[in-house]
Structure formats: C-alpha cells, structure tokens
Amino acid sequence: MKYRDFIIRRSLQIIPTLFGLLILIFFISRILPGDPARLALGPEATKEQVEALRRRLGLDKPFYIQFLVYVEQLLRGSLGTSLYTYRDVMEDVLVYFPATFELITFSMIIAVIIGTLLGIITAAKRNTWVDHIFRVLAFSGVSMPRFWLGIMFQIIVAYQLGLLPTTGRIDPFIEPPKHITGFYLIDSLLCLNMEAFVSSLKHIILPAITLALSPIAQIMRIVRASMLEEMEKDYFLVAKANGLPENILIYKYTLRNAFSAALTIIGLLYGYFLAGAFVVETVFSWPGLAKYGIRALLYKDFNAVIGVTLVIGLFYSLVNLVVDVLYGYLDPRIRLRMEVKR
Amino acid sequence: MKGYRAEELRRMLYRLKKNKLSILGLILVSTIFFIALFAEIIAPYPEDSYKIHIEKVFQPPSWEHPFGTDEMGRDVLSRVILGSRISLILGISVIIVAVSLGTVLGLIAGYLGGFIGSLIMRVTDVFLSVPSMALVLAVSAVVEPTMENLIFAISFGWWPWYTRLVYGEVLSLKEEEFVQAAESLGAPSLYIMFKEILPNLIPILIVKGSLDMGYAILTGSILGFLGLGVRPPTPEWGTMIGNGRLHLPGKWWLTFFPGLAIFLTVFSFNLLGDGLRDALDVKLE
C-alpha cells in the first residue's frame, strides 16, 4: 500500500523538476548575446526583415510574456519552430530521437553483458595477472576521451582495415526500413529486410562500442566489488566447505546478488550515455538528437536547444523513475527503506 | 589533538605508499604539473602556439618534429606541451569554483535546513534532472568563448554534484555527538558549520575533487572538440583534435597526440584519486 504511494509521489516529483528545468534552460537561452533572428536570416537580410521575424517569434516582448507564451504552446504539444529546419521542434525531435535511443540502448546492452562478464572473471580470478590486467584496462577505459577513441576506431577499423563504415546510420544507397519503432535494427528485421539490417548493424557497431567502453569499465568494477563482497558471506563459505564447485557457486548464487549491484548504477549510466552521445554522434555523423542539439547550439537555434534539453531531461527522469521503482520491486529490503523514509 | 593529526597523516601516507598504482598516479600528476609550469622552456618551439610556418605544413613525425606539424606548420609536440597549462588551469579552476559553491550550499541546506535548505535542494534537483553535459553545452554556446566563460560553463553543470554530496554528509554528521556538544554549549550556527562540520568533509572533498579534476579537463576538451572551446590559435587539446579531424585519415598525428595527452592526464588524476580514496578511507558511491 505504502509502496504504491511512494511510486505516485516519486512520479509526481518529475513535474515540478522538469518545470524548473524549463525555467532554467529558457533563461539560459534568452540571455543569448547574438540576435537569433539576425543569425537565422543571415547578413544579407534587411533590418525590416529581421524586425519582422523578431515580431513573429515574439522576441520583442518582455521575458516573462515570452515564457508564458512558450508554456502555453508546450501545453498544446508544440516546442516552437526551429530557426534552422523551419519545422516544429517536436517534429524534429520525433525524427531524431529514435536514432539516439537505438544507439544508447544497443550500447547499454553491450556494456551490461561485457561489463558483467568481466566483473565475474576478475572476481573469480582475483589477484591473478588476469585480474590486474583487466583492472588497469578498466582504469584506462574510464579515462579515455570518447571522441578521441571514436576517431582512433575510425582510423584503424574503418580506414586502415576497411572493416566497418566510418559514418552514418545506414548505407546511403539502401533505403531505410519502414518506420515502425524507429529502430533501424528492429524495423528491418520486422520487414525481413536483411540488407538494411546488415547495413545498420555494421554502422552501429563502432559508435556503440565507443559509447560503451567507459560504462563497461564502471560495471566491471561494481560487479567485481560486489562479487568479492558476496564471497565473504557465510552462505558462500558454507557451500564451498560442503564441496560445491566454485563455478556453480559463482554463476548460480553469487551472480544474482552481484547483478543487482550493477542495476543500481544503470540510471546513472543513462546519464553518461546521453552525455557521451553528444560527441559520439558528432564523430560518427549519427543522425540523432544529440547531433541535432549540437547543431542547434552552434546556430543559436534556441527553440531547438530548449526542446532537446527538455526531451533529454524527460527521458533521463523517466529512466531514473523506472530504476527506482524497479529496485523497490526487486528488493523488498529497499522497498521497506523507502516506506520508512517517506 | 595535534599529535593525533600527525599520526593520522603518517598512516595516510603509509597507506598511499602501499598502493603502487596511486604512487604512479602521484608521479604522473607531478610530471604534468611540472610540464605545465615550465611549458615555454620544455617546448622545442614555444612560439608555435601562434606562429605560422607555411613552408612546413603537415610534416609527419620526425626527429625534428616528433609529433609532426599541423595545417599551419606548427610543431604539434610544442602545442601539446603548451596545451597542458590551459587544461590544468581549467581543471583546477572548475574544481575550486564547484567545490566552494557546492560545499557552502550543501552545508546551508544540510545544517540549517528549513525553507532555504529545501529551496537549495530543489534547485539542485533541477540541475541534476538532466545530464550535466547538456547544461554545460547550453551555457558554453551562449557565452563568448573565453577561458573565464568556459570555466563558468563547466562549473555551472558541476556544483550540484558537490551540493548533493555535502548535503548527504552533513545530514549524518549533524547527529554526531561533537556537533551536539557544540550546540549545547551555544556555539553559533556559522561556527558549527565551518569549524566543526567542514573539517570532517575535507577528505571526501579531496578525493572527489582529484577524481573530478580529470573529468573537468575531459569536459573542457570536449567543448574544444565541438568548437565551443577557447578560440584558436590557443593550443587547447580538444580544439586541436577537432581541427585535426578535418585532415583524416591521412594526417593521423594531428588527432593522435593531443588525445594521448588528454588520456594520460585524466588517467593520472584517476589513479591518484583512487589511491587517495583508499588512503583517506573515504566511501563514495
């Protein structure tokens, strides 16, 4: 009963937080030093044209009126017109978001699988050379500038070895699969379009690995630490003393507990992935929301900047909500703590 | 009291010494500081931060130019060495600003609480509702690309993490007996916050700060790479990679070496921070 109350309260918290984010990003975007109308029209435009666009965009009104207009617009489901694409930012977001979502999800799957595996291996082989090598590699992984790593992948794997394409989401001569989920990998499978599937798989590998490297290292460290913690516990020692082979013990009993430790950072990792997407999408010309956002920033396309920030904020808040709710669902101890705390 | 502190310090140094990787981190960090301090003397062509040599553009690595030359004939090694100063100044400034602001706000919110306290924490939540990178990017696109503004932009996204960290710590420290003793003696709130509680936060702030140093430098280079960093010809690692990328795949040395410098710097601070965490016995989530 109380857990349900917790979920409701936790969900409702998102609304004021996102409203605060809207105020914050609106304020940041409106103190832009350049004149967005002038930037959008270019140096050729006459003063009258610029003035007309300013009026059309409502830039001649006071700050709080502009804000109210924006909120009213938002309630109608519009994010305002992009100064660059001349479409509603909402439409643009819907076009670009699936690409980012697909990249992040694919990358997350790689990171969780490899990270957990490495965590188990290093914990099982603790204090051997295998363990040491992977721990040093993990350190390197979290210190690696992602944009540089991406470029190195492009030089070696794409240019030198010619194994994978350098940029884009699919080969330009292949028609993208029909829009069902927006994920090229899933859509092409649903349409049984193997050519498109192979092409998009080839395109996603390098950016996804670039994005996944640092999270792999983080997951590995957490899984290793919690596996070692589990191995100190009585049940492990008893089972081992009774002659249960260590392999069965590790895979059947310890892993389950250690895996929930990895879950605890997934919410945080989504933040890393979103932040990483800004550079990875730029390096690999991945047509996603982050790349769209960077272009909006460089062209001072403020409606797009606000829109992208809000969408990222909403997505991030929802992920964290789901993670919070899941913990409570999976682990009764945490659920109890939530009930006591609130 | 004093003898106790000295003993603590000795133990800390002992634990730090036992961890070989963190000693390596300390040596590397010292080396980077040394290079940054004496960059003009160490760099073979210190004038190459701005000087153009049209006659020797795009030379691959050689004895004369171990890291090659760039699209304006400038020595890449010299620019990487000179760039260390920009990165370190940026990193240190960001950490100082973010730690001071975050600590003061966290202390107020945690110790005083009340309306102001919850207001601070709600604002912190707003900042943390989106990956910091998005805010840093938005601010850096709005302001003029100068060093001061870059520091401002990165700190803008960074302080909330410290506010939340300090807030959590203060909430538990508040219940400790030494704080209650000071309260019952009638010590003013300011005294308790800064003289009683703050000293206990130093270890965790040092550890988080040294771990974050690397990431602040990394963030600075990301902005440079995206074209939102300090203006060329300032030798900044990220900007150098961003420019070098235009000359791929042929001129690999333009992107490889500055990236290696970023990697080694972040790596060193991570090693040091990790060692300090063990030595100071600090638990970070």
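Residues numbered from 1 in each chain as written. Chains lettered and ligands numbered in written order. Predicted model: local features only at pLDDT ≥ 70, side-chain atom pairs only at ≥ 80, totals over all residues.

Remarks on the overall build of chain A
The secondary structure content of chain A amounts to 15 helices and zero strands. If one aligns the C-alpha atoms of chain A with their principal axes, the spans along those axes are about 85 × 60 × 40 Å. Taking all 342 residues of chain A together, 37% fall into the buried category. A separation of at least 24 residues holds for 69% of the contacts in chain A among residues at least 6 apart in sequence. (Helix = DSSP H or I, 4+ residues; strand = E, 2+ residues; numbered from the N terminus. Buried ≥ 20, exposed ≤ 12 C-beta atoms within 10 Å, placed from the backbone. Contact = placed C-beta atoms within 7 Å.)

Things to note about the overall build of chain B
When you go through chain B residue by residue, the secondary structure sums to 11 helices and zero strands. Taken from N to C terminus, the helices and strands of chain B fall in the order α-α-α-α-α-α-α-α-α-α-α. Its C-alpha atoms give chain B principal-axis dimensions of roughly 75 × 45 × 25 Å. A burial count over chain B gives 49% of its 285 residues as buried. Counting contacts in chain B only where the partners sit at least 6 residues apart, residues at least 24 apart contribute 69% of the total.

Quick look at the confidence of the model for chain A
Looking at chain A, the pLDDT average stands at 84 and 93% of residues meet or exceed 70. Across chain A, helix 5 (residues 89–124) of chain A holds the top mean pLDDT of 91, while helix 15 (residues 332–341) of chain A sits lowest at 64. (pLDDT = per-residue confidence, 0-100.)

Concerning the interface of chain A and chain B
Interface size is commonly expressed as the accessible area that is lost once the parts come together. Opposite the 37 residues of chain A that make contact, chain B presents 34 residues. For the side of chain A that touches chain B, the secondary-structure elements that each account for two or more residues are helix 1 (2–30), helix 6 (129–143), helix 7 (146–160), helix 12 (266–283), helix 13 (289–298) and helix 14 (302–330) of chain A. Among the elements that take part in the side of chain A that touches chain B, helix 1 of chain A stands out by supplying seven residues, more than any other. The class makeup of the residues in the side of chain A that touches chain B is 27 nonpolar, 10 polar and no charged. (Nonpolar A, V, L, I, M, F, W, Y, C, P; charged D, E, K, R; others polar.)

Re helix 6 of chain A
Its 15 residues give helix 6 of chain A an end-to-end C-alpha distance of 21 Å, which sits within 8% of 21 Å, the value for a rise of 1.5 Å per residue. In this structure, the buried residues of helix 6 of chain A make contact with helix 5 and helix 9 (194–231) of chain A together with helix 9 (189–225) and helix 11 (253–280) of chain B. (Expected span 1.5 Å × (residues − 1).)

What about the packing of helix 2 (residues 20–37) of chain B against helix 11 of chain B?
Axes are the key here: two packed helices are described by the angle between their axes and the distance separating the axes. Residues and elements named next belong to chain B. Following both chains from N to C, one finds helix 2 and helix 11 inclined at 135°, their axes separated by 7 Å at the closest point. One element, helix 2, and the other, helix 11, form an angle in the oblique class. Considering the relative orientation of helix 2 and helix 11, their crossing is left-handed. Across from Leu 21, Ser 22, Leu 24, Gly 25, Leu 26, Leu 28, Val 29 and Ile 32 in helix 2, the residues of helix 11 making contact are Leu 264, Thr 265, Ser 268, Phe 269, Leu 271, Leu 272, Asp 274, Gly 275 and Leu 276. Of the residues that constitute the contact of helix 2 with helix 11, the class distribution is 11 nonpolar, five polar and one charged. (Axes fitted to C-alpha atoms, helices over the stretch in contact; angles between N-to-C directions. Parallel < 35°, antiparallel > 145°, perpendicular 65-115°, else oblique. Left-handed = near helix turned anticlockwise from the far one by under 90°.)

Comments concerning the environment of Asp274(B)
Mapped onto the elements of the fold, Asp274(B) is located in helix 11. In this structure the C-alpha to C-alpha distance between Asp274(B) and Ser210(B), which are 64 residues apart in sequence, comes to 8.7 Å.

Quick notes on the nonpolar core
Among the nonpolar cores identified, the biggest contains 150 residues, and Leu103(A), Ala277(A), Val308(A), Leu137(B), Ala138(B) and Ile154(B) are the most heavily contacted of them. The contacts of Leu103(A), once residues within four sequence positions are left out, are Ile204(A), Pro207(A), Ala208(A), Leu211(A), Ala277(A), Trp286(A) and Gly288(A). In terms of nonpolar packing, the next biggest core, distinct from the first, is built from five residues, Ile170(A), Phe183(A), Tyr184(A) and Ala196(A) among them. (Core = buried A, V, L, I, M, F, W, Y, C linked by C-beta atoms within 7 Å.)

Quick notes on unusual backbone geometry
Residue and element names in this part refer to chain A. You will see that Asn 127, though not glycine, has its phi angle at about 60°, which is positive. Within the element layout of this structure, Asn 127 appears in the loop between helix 5 and helix 6. Despite not being glycine, Ser 285 has its phi angle at roughly 45°, a positive value. Within the fold, Ser 285 resides in the loop between helix 12 and helix 13. You can call Ser 285 partly exposed: it has 13 C-beta atoms within 10 Å.

Topic: helix 5 of chain A
For an α-helix, 3.6 residues make a turn, and residues three or four places apart therefore share a direction. An ideal rise of 1.5 Å per residue puts 52 Å on 36 residues; helix 5 of chain A measures up with 50 Å between its terminal C-alpha atoms. Taken as a whole, helix 5 of chain A carries its principal kink of about 30° at Tyr96(A); the proline Pro98(A) stands between one and four residues after it. (Bend = angle between axes of the 7 residues up to and from the residue.)

With respect to the environment of Gly58(A)
Residues and elements named next belong to chain A. With respect to the helices and strands, Gly 58 occurs in the loop between helix 3 (47–57) and helix 4 (63–75). For Gly 58 and Val 319, which are 261 residues apart along the polypeptide, the C-alpha to C-alpha distance reads 34 Å. Setting aside residues up to four positions removed in sequence, Gly 58 forms contacts with Gln 66 and Val 69.

Looking at the environment of Ser62(B)
Relative to the elements of secondary structure, Ser62(B) occurs in the loop between helix 3 (39–42) and helix 4 (76–112). Note: C-alpha distance between Ser62(B) and Tyr162(B) (100 residues apart in sequence) is 46 Å.

Comments concerning the packing of helix 5 (residues 114–128) of chain B against helix 7 (residues 147–173) of chain B
Residues and elements named next belong to chain B. Two elements in contact, helix 5 and helix 7, have axes separated by 9 Å at closest approach and are oriented at 135°. With respect to helix 7, the element helix 5 is oriented oblique. The way helix 5 lies across helix 7 gives a crossing that is left-handed. Of the residues in helix 7, those in contact with Ile 120, Met 121, Thr 124, Phe 127 and Leu 128 of helix 5 are Pro 160, Thr 163, Arg 164 and Tyr 167.

A word on the confidence of the model for chain B
Residues and elements named next belong to chain B. For chain B, mean pLDDT is 88; residues scoring 70 or higher make up 98% of the total. Confidence scores differ between elements of chain B, with helix 1 (residues 2–18) showing the lowest mean pLDDT of 74 and helix 4 the highest of 94. Model confidence for the complex is summarised by a pTM of 0.89, with the ipTM given as 0.87.

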